[in-house]
Amino acid sequence: MSSVLQLLLDGERLNTAQMAQVLNLPEEEVNAELSRLEDEGILLGWRPIFNPEKSQENVVRAVIEVKISPEREGGFGRLAARISRFEAVESCYLMSGAYDLLVFATGSDLREVALFVSERLASVDGVLSTATHFRLRTYKEQGHLLLTAGESSDRPAVSA
Amino acid sequence: MEKDSTRFIADHVIGLPRSGIRDFFAIVAAMPEAISLGIGEPDFVTPWNIREASIFALEKGRTSYTDNKGLIQLRREINVYVENNFGISYNPDSEILISVGVSEALDIALRAVLNPGDKVLYHEPCYVSYSPSIILAHAQPIAVGTSAEDQFGIDPAAVEAAWEPGCKVLMLNFPTNPTGGVTERDKLERIAKFAVEKDLLVISDEIYSELTFEGEHTSIAMLPGMKERTIFLHGFSKAFAMTGFRIGYACGPAELIEAMMKIHQYSMLCAPILSQEAAIEALKNGGPAVAKMKEQYHQRRDFIVRRFNEIGLTCHLPKGSFYAFPSIQSSGMSSMDFCTGLLEAESVAVVPGTAFGPSGAGFVRASFSTSYKRILEAADRIERYAEKVCS
């Protein structure tokens, strides 16, 4: 893995000058590497991770299990792409097991997500069935633990 | 009026200095906003699977004493681990003892083998407890200095020169706290030969062995003829980030382990069972987490050492541990003055080298077991301070 990518994954949000210092690279090289990661579609974007329990925005999040019929020549790909294009779809995965696509969808309220499922998703040609589950509470968000007392540390500032 | 109670304290304890770390901690504690490069432990929390094993044991009601030597499952796992990583095998029934951290193991090893007046060779700068532990065992510490020229590895010739009649034990700890120094195999071979020649018992503290960044770590216990004259001490604190579990172990000849067990049995009884349960999980499944943490230390080390050298505080490359030990001699200040000055001027805490013995004079210990953001900021502040105080 590229050392720049590894630093990003560490999640400390260093700026490129700081990354250059840590990695002992010229800053231009770090910038070039970031551009390469973006150009090659490895690094898709930069988004903050919010605590859904605390963020002000009203978002309803649902996971939807979708069964679809694969098409000759197209397989699942064409249908999956078609479903993925909807604004309401955050992520879409092909799964093994009891259903085919797992869709993460968001809306500003329950009604909006329900409408998306019934009007948009279920009516796509080739979609056989859907099962929608709404998120009630978040315990861990993209690697960040929530709702625990936190891992406070009484570590002394100077120790053996 | 009551007399001062000092008269009740034993002579050899009265004379014992307090840890220099303790003294410096008192100063830093008054400045909670300071960036601390003073911690002597991993900044990572113990990996969850290890913590979870301890919780599970608690839930199952595993709250009893264990065998004085420790749980046999743990001793078996230790044998497997030591064999895989060091190539030496110990009998779990008779040659392994679970202790409350390596500190306890070190203490009972010394007490088990030393008679009043015996002499013990150890290298310096070193972990703060070495000399006091020897004195508490009524023996006489003989320091062998190590230097930046040797990257704080031990010079066999210096050991030979320091030896005198009455020396019974040689203590080794590589990689070393506070210097990160290691000693290469060829030098250990010469020391091993000398140990055989003078019939020395070696106590080898391997606590930082997993955190070796360059080359293969060699323990003196691995060398031919050394297993039978070495007490091999190791623990979970550093590599597995388990300092608060207080769990370590000693491996060695059955007679010596039995002697240590007698002291352990009467003073400690056994190591806490919950920590022993956690240690079993650490050995079985902790490997990937250790590798990940080591990689982090490695990268942080490369950065901070480079920065110290850029700043003009000459720093050798520590081949292990999570400490850098730069020289502050260009400031012309004492280690303590440099550290208190840095703390006052820039709110950065590093530990004076003299806390680890007189040969640490002219150096400071900077732990890189902290986040990049803090290390980056600390390095900038140290640079600003050094520009003022160094000529």
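Residues numbered from 1 in each chain as written. Chains lettered and ligands numbered in written order. Predicted model: local features only at pLDDT ≥ 70, side-chain atom pairs only at ≥ 80, totals over all residues.

A. Inspection of the sheet that holds strand β8 (residues 248-251) of chain B at higher detail. Residue and element names in this part refer to chain B. Spatially, seven strands are ordered β2-β8-β7-β6-β5-β3-β4 in an open sheet, and the strand pairing comes out mixed. For this open sheet the edge positions go to β2 (96-99) and β4 (140-145), each flanked by a neighbour on one side alone. Neighbour to neighbour, the strand axes of the sheet diverge by 20 degrees on average, direction disregarded. As judged from the four bridges shared by β2 and β8, these two strands associate in the antiparallel manner. Within β8, the residue paired with Ser99 across the bridge is Gly248. Together, β2 and β8 form the strand contacts of helix α4 (residues 72-86), whose direction differs from that of β2 by roughly 110 degrees. (Pairing = 2+ DSSP bridges. Helix = DSSP H or I, 4+ residues; strand = E, 2+ residues; numbered from the N terminus. Axes fitted to C-alpha atoms, helices over the stretch in contact; angles between N-to-C directions. Contact = placed C-beta atoms within 7 Å.)

B. Region of interest: the interface of chain A and chain B. Counting from both sides, the interface comprises 13 residues of chain A and, opposite them, 23 residues of chain B. Broken down by class, the residue content of the side of chain A that touches chain B amounts to six nonpolar, four polar and three charged. (Nonpolar A, V, L, I, M, F, W, Y, C, P; charged D, E, K, R; others polar.)

C. Inspection of unusual backbone geometry at higher detail. All names here are of chain B. Residues Glu124 and Pro125 are joined by a peptide bond in cis, for which omega reads 0 degrees. Note on placement: Pro125 falls in the loop between β3 (119-124) and α6 (130-136). Although it is not a glycine, Gln151 adopts a positive phi angle of roughly 50 degrees. Mapped onto the elements of the fold, Gln151 is located in the loop between β4 and α7 (156-162). Residue classification places Gln151 among the partly exposed positions, given that 18 C-beta atoms sit within 10 Å. (Buried ≥ 20, exposed ≤ 12 C-beta atoms within 10 Å, placed from the backbone.)

D. Representation of the nonpolar core in the model. Among the nonpolar cores identified, the biggest contains 128 residues, and B:Ala109, B:Ala250 and B:Val348 are the most heavily contacted of them. Looking at which element gives the most residues to this core, the answer is helix α13 (residues 372-389) of chain B, with eight residues. A:Leu79, A:Ala105, A:Val113 and A:Phe116 belong to the second-largest nonpolar core, a separate cluster that totals 13 residues. (Core = buried A, V, L, I, M, F, W, Y, C linked by C-beta atoms within 7 Å.)

E. Inspection of the pairing of β3(B) at higher detail. Residue and element names in this part refer to chain B. By the criterion of burial, β3 is predominantly enclosed, with five of the six residues buried. Looking at chain direction, β3 and β4 are connected through six bridges and run parallel. Looking across to β4, one finds that Tyr122 is bridged to Ala143.

F. Seen up close, the packing of helix α3 (residues 48-59) of chain B against helix α10 (residues 273-285) of chain B. Residue and element names in this part refer to chain B. Where α3 meets α10, the closest approach of the two axes is 8 Å, and the angle between their N-to-C directions is 140 degrees. Classified by the angle between their axes, α3 and α10 sit oblique to one another. Once α3 is placed against α10, the crossing between them reads as right-handed. Along its contact with α3, which presents Asn49, Ile50, Arg51, Ala53, Ser54, Ala57 and Leu58, the element α10 presents Ile273, Leu274, Glu277, Ala278, Ile280, Glu281, Ala282 and Asn285. (Parallel < 35°, antiparallel > 145°, perpendicular 65-115°, else oblique. Left-handed = near helix turned anticlockwise from the far one by under 90°.)

G. Representation of the environment of B:Ala195 in the model. All names here are of chain B. When you line up the elements, Ala195 lands in helix α8 (residues 185-197). With 27 residues separating them along the chain, Ala195 and Lys168 place their C-alpha atoms 9.4 Å apart. Once residues lying within four places of it in the same chain are set aside, the contact partners of Ala195 are Leu170, Leu200, Val202 and Arg229.

H. Expanded view of the packing of helix α5 (residues 101-113) of chain B against helix α9 (residues 254-267) of chain B. All names here are of chain B. Between α5 and α9, the shortest axis-to-axis distance is 9 Å and the interhelical angle comes to 110 degrees. Between α5 and α9, the crossing angle belongs to the class labelled roughly perpendicular. Our pair here, α5 against α9, has a crossing hand that is right-handed. In contact with Ile108, Ala109, Arg111, Ala112 and Val113 of α5, α9 contributes Leu256, Ala259, Met260, Ile263 and His264.

So, to be careful, I would describe these as geometric facts and stop short of saying anything about function.
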